[in-house]
Amino acid sequence: MSLLADLQNINLSDSTEKIIAEYIWIGGSGNDLRSKARTLSGPVTGPAQLPKWNYDGSSTGQAPGEDSEVILYPQAIFKDPFRGGDNILVMCDAYTPGGEPIPTNKRFNAAKIFSHPEVTAEEPWYGIEQEYTLLQKDVNWPLGWPVGGFPGPQGPYYCGIGADKAFGRDIVDAHYKACLYAGINISGINGEVMPGQWEFQVGPAVGISAGDELWVARYILERITEIAGVVVSFDPKPIKGDWNGAGAHTNYSTKSMRNTGGYDVIKKAIEKLGLRHKEHISAYGEGNERRLTGRHETADINTFCWGVANRGASIRVGRDTEKEGKGYFEDRRPASNMDPYVVTSMIAETTILWKP
């Protein structure tokens, strides 16, 4: 097996200028990530230098068998932490051969919103807190839990240490470093309230890059868990009962919010979000009704409320923001399986472009 590891770790630059580009896209469910690799003649510095590619959309639930070709448009590149060297990961979105975005291409509409002059002028910043649960592969049960049984109640696990409290830290740290290597603006990690559950944060990221970076961070995580023989779940409530769910709290600010007098802008933005609560909830992830119950640090799914330092609210404003009169707020409603292209662009559209 050492020979296999040696072959995997070959430094291509010792013998060729060619590189490997791993093209990544989102599959038909809207949550499944797919990828395949191709050889390029040499290193590249941006997605515009990359060729378009195609795949069999009938095998991903994105095209009929009689007209199965879907075209990949490269949109963002990252260093490949698995192959190293000049090899790259390429985040793509998907189009018909005629150049129309396919229905599951949520990046296209997000990019339109983020390129709107009013949105561009506000420089929307995002920080996304991605929670996830590590599962034992053959039993679909959280890592570190007794098979068919339960650990002790929640309390000691949040940011906990020790073999009886922190399960899967090697995976979490490997992912952290791999994201930093890739060029993703990952800003931190922590153990979560439910044992076997963890969180990483991506941001601050501007506009469409928040979605690109979070999707690639998810891709890297799933590749690492593949190596470790563990399953990663983004289900918003993986275990029923008195256990915390998994969210993707989305921190947000605009230039106006970050400047003097920004707290008034924040309050007006939150008011607009409240008026479109149902529309946002419908776009904030599948199965979110199992998580947003009014318990376990959530607001009820049918109720919109906000507060300062209130983790039981739909929108939380930090104490520092209130004190300084400017800053950001946190939308606590998105589920862990949300599409960051949809959520980030919808928040910008509602708070900047929508005129109620």
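What counts, and at which threshold
- Residues numbered from 1 in each chain as written.
- Predicted model: local features only at pLDDT ≥ 70, side-chain atom pairs only at ≥ 80, totals over all residues.
- Heavy atoms only, no water.
- Helix = DSSP H or I, 4+ residues; strand = E, 2+ residues; numbered from the N terminus.
- Rg over C-alpha atoms; globule rule 2.2 N^0.38 Å.
- Buried < 20%, exposed > 50% of the residue type's maximum accessible area, 1.4 Å probe, protein only.
- Contact = heavy atoms within 4.5 Å.
- Lys, Arg positive; Asp, Glu negative; His and termini not counted.
- Charge placed at Lys NZ, Arg CZ, Asp CG, Glu CD.
- Phe/Tyr/Trp six-rings, centres within 6.5 Å; stacked < 30°, edge-to-face > 60°.
- Lys NZ or Arg CZ within 6 Å of the ring centre and 35° of its normal.
- Domains from an automatic or database assignment.
- Buried area = accessible area lost by both parts, 1.4 Å probe.
- Salt bridge = Lys/Arg side-chain N within 4 Å of Asp/Glu carboxyl O.
- Polar contact = N/O pair within 3.5 Å; in protein donor to acceptor, adjacent residues only side chain to side chain.
- Nonpolar A, V, L, I, M, F, W, Y, C, P; charged D, E, K, R; others polar.
- Expected span 1.5 Å × (residues − 1).
- Arc of directions from axis to C-beta.
- Pairing = 2+ DSSP bridges.
- Axes fitted to C-alpha atoms, helices over the stretch in contact; angles between N-to-C directions.

**Overview of the overall build of the protein chain**
- Summing up its helical and strand segments, the protein chain has 10 helices and 14 strands in all.
- Computed over the C-alpha atoms, the radius of gyration of the protein chain is 21 Å, within 12% of the 21 Å expected from 2.2 N^0.38 for a compact globule of 356 residues.
- The principal-axis extent of the C-alpha atoms belonging to the protein chain is close to 60 × 55 × 40 Å.
- Relative to its full complement of 356 residues, the protein chain shows a buried share of 51%.
- Sequence separation of at least 24 residues holds for 64% of the intrachain contacts in the protein chain that already meet a minimum separation of 6.
- The averaged location of the 44 negative side-chain charges in the protein chain is 4 Å from the averaged location of its 36 positive side-chain charges.

**A closer look at the packing of aromatic side chains**
- Summed over all chains, the structure comprises 13 aromatic pairs.
- Judged by centre distance (5.1 Å) and plane angle (80°), the rings of tyrosine 23 and tryptophan 53 are edge-to-face. Taken together, the positions of tyrosine 23 in strand 1 (residues 19-26) and tryptophan 53 in strand 3 (residues 53-56) put the pair 30 residues apart, joining distant regions of the chain. Accessibility assignment for this pair places tyrosine 23 and tryptophan 53 in one class, buried.
- A ring pair is formed by tryptophan 141 and phenylalanine 150, whose centres lie 5.5 Å apart and whose planes are at 75°; its orientation type is edge-to-face.
- Its relative accessible area of 19% is what places tryptophan 141 among the buried residues.
- An aromatic cluster is built from Phe114, Tyr126, Tyr252 and Phe329, whose rings are joined through pairwise contacts.
- Of note, lysine 52 hangs over the ring of tyrosine 73, and the distance from its end group to the ring centre comes to 4.1 Å.
- Note that lysine 79 overlies the ring of tyrosine 181, its terminal NZ or CZ placed 4.3 Å from the centroid.

**Focus: the domain arrangement of the protein chain**
- Here the protein chain is partitioned into domain 1 (3-104) and domain 2 (117-353).
- Just the C-alpha atoms count here: the centres of domain 1 and domain 2 sit 27 Å apart.
- Facing 17 residues of domain 1, the contacting portion of domain 2 comprises 17 residues.
- Overall, the association of domain 1 and domain 2 removes approximately 1600 Å² of surface from exposure, summing both partners, and the carbon and sulfur fraction of that is 72%.
- Considering only the side of domain 1, the residues that lose the most area to domain 2 are Leu33, Phe78 and Phe82, jointly responsible for 37% of the buried surface there.
- Counting the contacts that link domain 1 with domain 2 gives zero salt bridges.
- Between domain 1 and domain 2 we count two residue pairs in polar contact (both at pLDDT 80 or more) in total.
- Each residue belonging to the side of domain 1 that touches domain 2 can be placed in one class, and the counts come to nine nonpolar, five polar and three charged.

**A short note on the pattern of salt bridges**
- Throughout the structure, instances matching the rule amount to 15 salt bridges.
- For lysine 255, the salt bridge goes to glutamate 123, with nearest N and O atoms at 3.6 Å. With lysine 255 in helix 6 (residues 255-258) and glutamate 123 in the loop between helix 3 (117-122) and strand 6 (125-136), this residue pair connects regions lying 132 residues apart in the sequence.
- A relative accessible area of 35% means that glutamate 123 is categorised as partly exposed.
- Among the charged side chains, a salt-bridge network with shared partners connects Glu22, Asp80 and Arg83.

**Considering helix 4 (residues 169-182)**
- With 14 residues, helix 4 should reach 20 Å at 1.5 Å per residue; the first-to-last C-alpha distance of 20 Å fits that figure.
- Inspection of helix 4 places Ile171, Val172, His175, Ala178, Cys179 and Ala182 among the buried residues, and these make up the whole buried set. With its buried residues spanning 130° around the axis, helix 4 presents them on a single face. Residues of helix 4 that are exposed and angled more than 90 degrees away from the buried face: Asp170 and Lys177.
- Contacts made by the buried residues of helix 4 are with strand 4 (69-79), strand 6, strand 8 (186-191), strand 9 (197-206), helix 5 (209-228) and strand 10 (230-233).
- The positive-phi residue at the C-terminal boundary of helix 4 is glycine 183, with phi of around 100°.

**Things to note about the sheet that holds strand 2 (residues 33-40)**
- Within the open sheet, the five strands sit side by side as 2-1-5-4-3. Their pairing is mixed. In the strand order of this sheet, the two ends are held by strand 2 and strand 3, each with one partner. Each neighbouring strand pair of the sheet contributes to a mean axis angle of 40°, computed without reference to strand direction.
- Relative to strand 2, strand 1 runs antiparallel, the two being bridged by eight bridges. Pairing of tryptophan 25 across the sheet is with arginine 34, part of strand 2.

**A few points about unusual backbone geometry**
- Residue proline 204 is bonded to the preceding glycine 203 through a cis peptide linkage, with omega at 0°.
- Unlike most non-glycine residues, alanine 309 shows phi in positive territory, near 60°.
- Here alanine 309 lies in the loop between strand 12 (306-308) and strand 13 (315-317).

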